[in-house]
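# Results of the structural survey
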Amino acid sequence: MSKFWSRTAREAKPYIPGEQPNESQVIKLNTNENPYPPSPKTLEAMKEVVNEGLRKYPTPTVDSLKRVIANREGVNSKQVFVGNGSDEVLAFAFQAFFEPNEAIKFPSVTYSFYPVYANLYGIPYQAVTLNDDFTIDVEGMKQSIGGVIFPNPNAPTGLALRLEQIEEILQGNPNNVVIVDEAYVEFGGESAVDLVEKYPNLLVTKTLSKSHALAGIRVGYAVGQEDLIEGLQRIKNSFNSYTINSVSLAGAEAALSDDVYYRETLERVINTRVWFKQSLEELGLEVLDSKANFLFVKPIGVEAEWLYLTLKERGFYIRYFDKPEVRGFVRISVGTDEEMKRLLNEISNLLNGDC
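Residues numbered from 1 in each chain as written. Predicted model: local features only at pLDDT ≥ 70, side-chain atom pairs only at ≥ 80, totals over all residues. Heavy atoms only, no water.

## Focus: the packing of helix α9 (residues 259-282) against helix α11 (residues 337-351)
Any two packed helices are characterised by the angle at which their axes cross and by the distance between the axes. Heads up, the condition is: Between the N-to-C directions of two axes lies an angle of 0 to 180 degrees, each axis being a line fitted to C-alpha atoms and, for a helix, fitted only over the stretch in contact. Numbering of helices and strands runs from the N terminus, with a helix taken as a DSSP run of H or I at least four residues long and a strand as a DSSP run of E at least two residues long. Any angle that is under 35 degrees is reported as roughly parallel, and any over 145 degrees as roughly antiparallel; angles of 65 to 115 degrees are reported as roughly perpendicular and all others as oblique. Working rule for contacts: check all heavy atoms of both residues, and any pair within 4.5 Å makes them a contact. Residue type decides the class: Asp, Glu, Lys and Arg count as charged, Ala, Val, Leu, Ile, Met, Phe, Trp, Tyr, Cys and Pro as nonpolar, and the leftover types, Gly among them, as polar.
Close contact between α9 and α11 brings their axes to 11 Å; oriented N to C, the two are set at 10°. Judged on the interaxial angle alone, α11 and α9 are roughly parallel. Residues T272, W275, F276, S279 and L280 of α9 lie in contact with α11, whose contacting residues are D337, M340, K341, L343, L344 and I347. Considering only residue class, the contact of α9 with α11 consists of 7 nonpolar, 2 polar and 2 charged.

## Section: the pattern of salt bridges
Using the following cut-off: For this document, the term salt bridge refers to a Lys or Arg side-chain nitrogen within 4 Å of an Asp or Glu carboxyl oxygen. With a 1.4 Å probe rolled over the protein chains alone, any residue whose accessible area is under 20% of its type maximum counts as buried; one over 50% counts as exposed, and the rest are partly exposed.
Following the criterion strictly, the structure yields 15 salt bridges and no others. E33 is the partner of K28 in a salt bridge, and the nearest nitrogen-oxygen pair spans 2.8 Å. Since its relative accessible area comes to 32%, E33 is described here as partly exposed. Across the pair K142 and E168 runs a salt bridge whose closest N-O atoms are separated by 3.4 Å. Highlighted residues: K142 in the loop between β4 (125-128) and β5 (148-151) and E168 in helix α6 (residues 163-171), separated in sequence by 26 residues. Judged by relative accessible area, which is 17%, K142 ranks as buried. For E168, a relative accessible area of 33% translates into the label partly exposed.

## Looking at a negative patch on the surface
Condition: The residues that make up patches have over 30% relative accessible area and no salt bridge, and they are joined within 9 Å when like-charged or within 5 Å when they are Val, Leu, Ile, Met, Phe, Trp or Tyr. Computed with the Shrake-Rupley method and a 1.4 Å probe, the accessible areas treat only the protein chains shown as cover for residues. Charge counting treats Lys and Arg as positive and Asp and Glu as negative, with His and both chain ends excluded. For the purpose of locating charges, the reference atoms are NZ of Lys, CZ of Arg, CG of Asp and CD of Glu.
On the surface, a cluster of negative charge is made up of E197, E226, D227 and E230. With respect to the element layout, E230 can be found in helix α7 (residues 226-236).

## Regarding α7
Given 3.6 residues per turn, any residue in an α-helix points the same way as the ones three and four places further on. Within the sequence span of α7, burial applies to L228, I229, G231, L232, Q233 and K236. In this structure, the buried side of α7 is in contact with α3 (63-73), β2 (80-83), α4 (86-97), β7 (202-207) and β8 (220-224).

## Description of the sheet that holds strand β10 (residues 294-298)
Definition in use: Pairing between strands requires that DSSP locate at least two bridges from one strand to the other.
Taken in spatial order, the 4 strands make up an open sheet running β9-β10-β13-β12, and their pairing is antiparallel. The open sheet is flanked by β9 (286-287) and β12 (319-320), the only strands paired with a single partner. Looking at chain direction, β9 and β10 are connected through 2 bridges and run antiparallel. Looking at β10, one finds that V287 is bridged to V297.

## Observations regarding the packing of helix α2 (residues 40-49) against helix α8 (residues 246-257)
Let me state the cut-off plainly: Take the far helix as your reference; a near helix turned counterclockwise from it by less than a right angle gives a left-handed crossing, and one turned clockwise gives a right-handed crossing.
Contact pair α2 / α8: the axes reach a minimum separation of 8 Å and the direction vectors enclose 150°. Classified by the interaxial angle, the pair formed by α2 and α8 is roughly antiparallel. Pair α2 / α8 crosses with right-handed handedness. On α8, the residues that touch K41, T42, A45, M46 and V49 of α2 are S246, V247, A250, G251, A254 and A255. When its residues are assigned to classes, the contact of α2 with α8 shows 7 nonpolar, 3 polar and 1 charged.

## What about the packing of aromatic side chains?
For any pair of aromatic rings, the description rests on two quantities: the centre-to-centre distance and the angle between the ring planes. Spelled out, the test is: Only Phe, Tyr and Trp rings take part, Trp by its six-membered ring, and two of them pair if their centres are within 6.5 Å. Stacked means planes under 30 degrees apart, edge-to-face means over 60, and tilted covers everything else. Only when the NZ atom of a Lys or the CZ atom of an Arg is both within 6 Å of the ring centre and within 35 degrees of the ring normal do we say a charge sits over the ring.
Applying the stated rule across the entire model yields 18 aromatic pairs. Pairing Y57 with Y242 gives two aromatic rings, centres 4.6 Å apart and planes at 20°, and the pair type is stacked. Taken as a pair, Y57 in the loop between α2 and α3 and Y242 in the loop between α7 and α8 lie far apart in primary sequence, 185 residues in all. A residue is classified by how much of its surface remains accessible, and Y57, at 66% relative accessible area, is exposed. What makes Y242 partly exposed here is its relative accessible area of 37%. On the basis of an interplanar angle of 20° and a centroid distance of 5.9 Å, the ring pair of Y308 and Y320 is categorised as stacked. Taken together, the residues Y308 in helix α10 (residues 304-313) and Y320 in strand β12 connect sequence positions 12 residues apart. Judged by its relative accessible area of 14%, Y320 falls in the buried class. Taken together, the aromatic side chains of Y15, F94, F98, F106, Y111, F113, Y114, Y117, Y121 and Y125 make up a single cluster linked through ring pairs. When the ring centre of Y262 is taken as reference, the NZ or CZ atom of R72 above it lies at 4.4 Å. In this structure, R331 packs its charged tip against the face of F294, placed 5.6 Å from the ring centre.

The following block contains the structure:
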């Protein structure tokens, strides 16, 4: 810790991302990346803009991409905000809609960035304990003083709320913004975007990182009523007018326009998730009913941390969260069929004592 750090830097508790191993031989299933490449049309669109035009600033309003997103989501472009990954969108939303002296609510087991942002911006929070079946406590999320945020499907459990449950939370917080983080919704959840017109306090955030295999270009967006989007724009334009680079803009627009490739890729990931879950259950493991591109798995007969560390030694990276409510579980991203078959074989050997 340096004497030159500000109080904010001293008191920050940074988010710890999943490990990014440098070895090319490992099977990396710890950060929920899409196992398949982006659409060929996406790659071609990005290559086309890598030219002398990069000397110019990108568009600060990203109107063309907003129109594509609006058309896809069934809203108008004034109801869309685009950011440098959904993490940036969420960071702006914390500043735009939550107050430093009013406690917000989010689940006790959820995306680890929420308490990081709350701490950074001096926003108190209440972590609402999950139900015994690891679902979000809908009643507990009501009557927040400062606002609500939660992923749907939740992370790292993969469990999803139904739209009527999301409506209950919205109705239980009529005077505060409710943010529904839909980073994984395309893999089996119900999007709350259809509720935007009905609820002026609803903001839905999405990302192209998982569903469109574009984690490397950092593009996310939010959908809400126009006054919420204006609030986000005010924060963004007080921070950086040019948050999305020209290459990312071209790639995002092409990806969202290639619906055939997108749906084929989603189907492959979902099919793999289904058979891998069944295969783990046949080995005697407990697996939650994920609607995301990962599975939350409870080993039987061995400790979760031991399984995580042992698999890591053998070149398989999965995720372990050292938190009281979920210490018995590991999170496994859905990879290719071949990767999952190799992991399944390794887990089977370990459970059978072949160490």
